[in-house]
Amino acid sequence: MGETEYHYHAGKRSHPNPIEYESSIYQKGLRYQRPPFTFKPLEWEALAAERMSADSRGYVMGSAGTGETADKNRAAFAKWSIIPRRLVKTTSLPDLSVGALGQKLPFPIACAPVGVQRIFNQDGEMAAAAAAAKQNVPYIMSTASSTSIEDVARAHGDGVRWFQLYWPPNEQNDITISMLDRARRDGFSTLFVTLDTYILGWRPSDMDNGYNPFLRSDQVGVAIGLTDPAFRDHFKKKHEKSVEEDMSAAVAEWTHTIFPGPIVLKGIQSVEDAKKCVDFGVQGIVVSNHGGRQSDGGCSSLGVLPLIVDAVGDKIDVLFDSGIRCGADIAKALALGAKMCLIGRPYIYGLALGGEEGVSHVLKALLGDLELTLHLAGVCSPSLEHLNRSVLTKEDGLF
């Protein structure tokens, strides 16, 4: 859609209590109105799949190899159980605010960086960013976005937004600097650098479809690069033509630029790497295995989380992603030491199901579910003082 056709109004926002979403649904039910989207989180994937092409479905739902890592991500949550405590004083619903990455945030979740969002819905990143802003959830923009930095910032208004980078090679540092300058100018306050995707993993679903969105002669997945002045200047000097005059060559060259080498931050799965990140002086890490989409036969992200928290959690902010599908999953990851959780596939399913409204639904549903899960367990906040490993038990140890 053109810029003048698609308007978002983030503006000043209050922080409504997530449980109010549940109340509003029941009130509408008194007038025989049913919600447009299901509240059953494990059904979002199948319903979204019906709305997607085979290519986009394979891209977001597929996993590396046999899917073993992705399966372990989900199975790991069931190994931990929340112990509800009834005889505790609760004067109100939990305060879900957290402090992370030098900021006070109303909720302990953020939208994970997911690229090529226009293959799921024509409004893509603009719809997702607008929904995140309206729900007071930070939005992390992917380098591989199908929308420019400037357009996403415009859609996101005054929301908290962060930028994820696949680091280009050192000989093209001017492109890196140009991208980061653009991001900073447009209000992206924190930089996430992904470690585990300097080359695409072995992804059978994508290969079965012969589909790599980064190799097509359009701007899906490469919009940031193709609109970057430094890259455009490089391309014109090398080929003596503009990006628009040879889109296929430009797409191929930008793809080569953004994948060659990683630096730090997102994708930590070992204690050794986490300790190196402390030595590097970064502010935070994301314990993540890319949702099982990059390497097969790996460990579950939740399984290594407490080991990494024990090693570096007092020195660096530890964030978490991979496998989260519901409020209880978020609660368990926070109890194991994560400062925040990144939500990936679920909000993309919401995007496929209903654009901005679909993403808003998923975020509100997850937060409402989290709030009630904590409240019914006698936990008054997600802070380490209240939500920690004493709230959990290993399910196998009960038998």
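Everything here concerns the structure above.
With that settled, the discussion passes to the packing of aromatic side chains. Summed over the entire model, instances satisfying the criterion amount to four aromatic pairs. Taking 5.4 Å as the distance between ring centres and 45° as the angle between the ring planes, the aromatic pair formed by Tyr21 and Phe39 counts as tilted. Here Tyr21 is found in helix H1 (residues 20–29), whereas its partner Phe39 is found in the loop between H1 and helix H2 (44–51), with 18 residues between them in sequence. Residue classification places Tyr21 among the buried residues on the basis of a relative accessible area of 17%. Here Phe39 falls in the partly exposed class, since its relative accessible area comes to 35%. Relative to Phe320, the ring of Phe77 lies with its centre 6.2 Å away and its plane at 80°, an arrangement referred to as edge-to-face. Placement of the pair is Phe77 in helix H4 (residues 68–78) and Phe320 in strand E10 (residues 317–320), with a sequence separation of 243 residues. Relative accessible area serves as the criterion here: at 0%, Phe320 is assigned to the buried category. Positioned above the aromatic ring of Phe188 is the side chain of Arg161, whose terminal nitrogen or guanidinium carbon lies 5.5 Å from the ring centre. Lying across the ring of Tyr59, Arg293 places its NZ or CZ 4.6 Å from the centre.

Moving on, we get to the environment of Gly58. Positionally, Gly58 belongs in helix H3 (residues 54–61). A relative accessible area of 11% means that Gly58 is categorised as buried. Separated by 153 residues in sequence, Gly58 and Tyr211 have C-alpha atoms that sit 8.7 Å apart.

One non-glycine residue, Tyr32, lies in the positive phi region at around 65°. Following the sequence through the fold, Tyr32 ends up in the loop between H1 and H2. The exposed category is assigned to Tyr32, whose relative accessible area is 78%. One non-glycine residue, Asn136, lies in the positive phi region at around 60°. On the secondary structure map, Asn136 appears in the loop between helix H5 (124–134) and strand E5 (139–141). Among the residues examined, Asn136 registers a relative accessible area of 9% and is labelled buried.

Turning our attention to the pattern of salt bridges. Inspection of every chain in the model, using the stated rule, returns 12 salt bridges. The partner of Lys237 in a salt bridge is Asp233, and the shortest N-O contact between them spans 3.2 Å. Of this pair, Lys237 and Asp233 are both found in helix H10 (residues 229–239), four residues apart, which corresponds to roughly one turn of the helix. Look at Lys237 and you get exposed, because its relative accessible area is 65%.

Cut-offs used in this document
- Residues numbered from 1 in each chain as written.
- Predicted model: local features only at pLDDT ≥ 70, side-chain atom pairs only at ≥ 80, totals over all residues.
- Heavy atoms only, no water.
- Phe/Tyr/Trp six-rings, centres within 6.5 Å; stacked < 30°, edge-to-face > 60°.
- Helix = DSSP H or I, 4+ residues; strand = E, 2+ residues; numbered from the N terminus.
- Buried < 20%, exposed > 50% of the residue type's maximum accessible area, 1.4 Å probe, protein only.
- Lys NZ or Arg CZ within 6 Å of the ring centre and 35° of its normal.
- Salt bridge = Lys/Arg side-chain N within 4 Å of Asp/Glu carboxyl O.

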